[in-house]
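Coordinates in review
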Amino acid sequence: MKPLLRNSLLILLALVLALGAGGYAYWRRHEAQAPENRYRLQAVGRGDITQTVSANGTLNPVVLVNVGTQVSGTVTRLFVDFNDKVEKGQPLLELDRSLFEAQSRQSEASIGNVAATLDLARANEARMQALFKEEYVSRQELDQAIQARRSAEAQLRQAQAAADKDKVNLGYTVMRSPVSGIVVDRVIDLGQTVAASYQTPTLIKIAQDLSEMRIDSSVAEADVGKIKEGQKVRFTVDAFPDRLHHPKEDQWLFRLLRARTGEADALIDELQRPHAHE
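Residues numbered from 1 in each chain as written. Predicted model: local features only at pLDDT ≥ 70, side-chain atom pairs only at ≥ 80, totals over all residues. Heavy atoms only, no water.

We now examine helix H4 (residues 139–172). The terminal C-alpha atoms of H4 lie 50 Å apart, and with 34 residues this matches the ideal 50 Å at 1.5 Å per residue to within 8%. Along H4, the positions that sit buried rather than exposed are Leu142, Ala145, Ile146, Arg149, Ala152, Glu153, Leu156, Ala159, Ala163, Asp166, Asn169 and Leu170. Against helix H3 (98–133) and strand E6 (174–176) lie the buried residues of H4. (Helix = DSSP H or I, 4+ residues; strand = E, 2+ residues; numbered from the N terminus. Expected span 1.5 Å × (residues − 1). Buried < 20%, exposed > 50% of the residue type's maximum accessible area, 1.4 Å probe, protein only. Contact = heavy atoms within 4.5 Å.)

We now examine the pattern of salt bridges. Overall, the coordinates contain 10 salt bridges when judged by the stated rule. Between Asp81 and Arg186 there is a salt bridge; the shortest N-O distance is 3.2 Å. Within this pair, whereas Asp81 is found in the loop between strand E3 (73–78) and strand E4 (85–86), its partner Arg186 is found in strand E7 (residues 181–186), the two being separated by 105 residues in sequence. With a relative accessible area of 34%, Asp81 lands in the partly exposed category. On the basis of relative accessible area, Arg186 is assigned to the buried category, the value being 15%. Arg149 is the salt-bridge partner of Glu125, the closest N and O atoms lying 2.7 Å from each other. In this pair, Glu125 is assigned in helix H3 and Arg149 in helix H4, connecting sequence segments 24 residues apart. Its relative accessible area of 17% is what places Arg149 among the buried residues. The network of salt bridges with common partners includes Arg77, Glu94, Arg97 and Glu101. (Salt bridge = Lys/Arg side-chain N within 4 Å of Asp/Glu carboxyl O.)

The following block contains the structure:
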């Protein structure tokens, strides 16, 4: 029994020593440390409390041109790609011209056919005029000849208009840049067929000037009343979340944000009108 009792006493003594050493270490770390090292000190003074209004939106070019097509066809040539700089009038892509060239030739042939009909109608009218003077034909026959000549002239103008339309459609097979800028999006590939319908499909997007951007955002109705003209505006973008950007014209951005909350503005104005009369 004596060896067992001695071992128990040794274990108890070791536990007491361990607890004592741990308590001393805790006291040295939390109590013996200087207050200036344990706490963050700041001199008492007056300051401003800042209240912010947050909103999410997208950063877009001020002028973004959507280039579409007015005719249908298969893309046979692509002249630009993403991030390419383009000039006004520069070709962007070309559609298959085969059908439009055939239609244009058909219109030219129609003009020739109608022109021949007009020549015959004019000759018949001249003969009828001569015969009518000699009283060999009636007035009705002369009027019919005049009417045939006028109808042929109208048909010629109609054929010429159709030919002009076909030439314009043939020119539309080559899409050109309406502005100078940078290609920011291309939603068409070589060999793809595009169909022009009531809504013109967008094929290429061109940003006119990437040095001037705008923020398309919406502000919650509960925060609209907190926005005042001249307030400072700052924003960040997802690509660089640590960079804080300050617009050059806070007023312009403020008006853009207010424009997105027109209904809320109208409601606030309506609620404030009775108080103004009081």
